[in-house]
Amino acid sequence: MKPAVFIERDGILNLARVERQHQVSPLTLEEFRVNEAAVPLLKKLKAAGLLLVAITNQPGFSRGYQSRRDLDRMHDLLSRTFPLDDILVCPHDEIDRCPCRKPKPGLLVEAGFKWHLDLDRSFVISDKWQDAEAARTAGCTSLLLESPWVGNVHHDFVLPDLTAVVEKILRLRTARRAVAA
Ligand SMILES: [Zn+2]
């Protein structure tokens, strides 16, 4: 069983516009801005033997303003830019009451089955509380970036930037290996 790093898409892998204190997901490739600074950091995680899975809520599907074609084009670009093993999407709206819309842990659980992951040794990176809550329910360690959306739910670490998050994960990995040995 392998450990993974789950990475929220909007705000971590791509830049997200902020309107009225909320992040707005890009809907087309033209609007989509990859966070280039994250590329070498994800490569470090990959080199450390971690599986990398992007996870994203895209309710625009159910609400009718996000097309499959545009989403595929954005995710093709993500796959070409980052060493991602998978990109998992919740296409549902709040009212669908699905098990995969974060803060529910469905995307993490699904990836766990699909990739035979050890969720207890896996990590979640985000700038939003919903991912920390999904991590807690699934048994993963959550690392949040300081942001207006950290909220009051349980999280394991809040750090100033993605560099600090990646260094923390690599240190935790080393410490766990030492304990296991
Ligand atoms: Zn869903």
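Further up the page is the structure itself.
Conventions used here
- Residues numbered from 1 in each chain as written.
- Predicted model: local features only at pLDDT ≥ 70, side-chain atom pairs only at ≥ 80, totals over all residues.
- Heavy atoms only, no water.
- Donors = N, O, S within 2.8 Å, 3.2 Å for Na, K, Ca; no water.
- Buried < 20%, exposed > 50% of the residue type's maximum accessible area, 1.4 Å probe, protein only.
- Pairing = 2+ DSSP bridges.
- Helix = DSSP H or I, 4+ residues; strand = E, 2+ residues; numbered from the N terminus.
- Axes fitted to C-alpha atoms, helices over the stretch in contact; angles between N-to-C directions.
- Contact = heavy atoms within 4.5 Å.
- Polar contact = N/O pair within 3.5 Å; in protein donor to acceptor, adjacent residues only side chain to side chain.
- Arc of directions from axis to C-beta.
- Salt bridge = Lys/Arg side-chain N within 4 Å of Asp/Glu carboxyl O.

**Student:** Residue-level account of the coordination of the zinc ion, with values.
**Tutor:** Summarising the metal site, the zinc ion is bound by the protein donors Cys-90 (SG), His-92 (ND1), Cys-98 (SG) and Cys-100 (SG), whose distances to it range over 2.0 to 2.3 Å. Each donor residue of the zinc ion lies on the same chain, and together they follow the pattern C-x1-H-x5-C-x1-C. Exposure remark for Cys-90: the relative accessible area of 0% places this residue in the buried category.

**Student:** Outline the sheet that holds strand β10 (residues 157-159), listing residues and values.
**Tutor:** Read from one edge of the open sheet, six strands run β7-β6-β1-β8-β9-β10, paired in parallel fashion. With partners counted over all chains shown, the strands left at the sheet margins are β7 (86-90) and β10, one partner each. Each adjacent strand pair in this sheet contributes to an overall mean axis angle of 20°, direction not counted. Contacting β1 (4-8), β6 (51-57), β7 and β8 (123-126), helix α4 (residues 106-115) crosses the sheet at an angle of about 145° to β7.

**Student:** If you had to explain the environment of Arg-33 to someone new, which residues and values would you point to?
**Tutor:** Relative to the elements of secondary structure, Arg-33 occurs in strand β5 (residues 33-34). Taking C-alpha positions, Arg-33 is 17 Å from Gln-66, a pair spaced 33 residues apart along the chain. Excluding its chain neighbours within four sequence positions, the residues that come into contact with Arg-33 are Asn-14 and Leu-15. Within the local environment of Arg-33, its side chain forms a polar contact with the backbone oxygen of Glu-30, the two atoms lying 3.0 Å apart.

**Student:** Mind laying out the pairing of β8, listing which residues take part and the relevant values?
**Tutor:** Side-chain alternation along β8 places Phe-123 and Ile-125 on one buried face and Val-124 and Ser-126 on a second face that is also buried. Note: β1 against β8, three bridges, orientation parallel. Paired with Val-5 across the bridge in β8 is Phe-123. Pairing between β8 and strand β9 (residues 141-145): four bridges, direction parallel. Looking across to β9, one finds that Phe-123 is bridged to Thr-141.

**Student:** An account of the pairing of β9 is needed here, citing residue identities and associated values.
**Tutor:** Burial of β9 is extensive: five of the five residues sit out of reach of the surface. Covered by surrounding structure in β9 are Thr-141, Leu-143 and Leu-145 together with Ser-142 and Leu-144, the residues of both alternating faces. Here β9 runs beside β10; their pairing, made up of three bridges, is parallel. By the bridge assignment for β10, Leu-144 is matched with Val-158.

**Student:** Tell me about helix α1 (residues 39-47), and please be specific about residues and values.
**Tutor:** Considered for burial, the residues of α1 that qualify are Val-39, Leu-41, Leu-42 and Leu-45. Viewed end-on, α1 has its buried residues packed into an arc of 160°, placing them on one side of the element. At the exit of α1 stands Gly-49, carrying a positive phi of roughly 90°.

**Student:** I'd like a description of the pattern of salt bridges, backed by residues and values.
**Tutor:** Counting across every chain of the model gives 15 salt bridges. A salt bridge links Arg-17 to Glu-19, with the shortest nitrogen-to-oxygen separation between them at 2.4 Å. Under the relative-accessibility criterion, Arg-17 is labelled partly exposed at 46%. Judged by relative accessible area, Glu-19 falls into the partly exposed class, the value being 39%. Note that Asp-131 and Lys-102 form a salt bridge whose closest N and O atoms lie 2.8 Å from each other. With a gap of 29 residues between them, Asp-131 in helix α5 (residues 129-138) and Lys-102 in the loop between β7 and α4 connect regions that are remote in the sequence. Here Asp-131 and Lys-102 have matching classes, each one buried.

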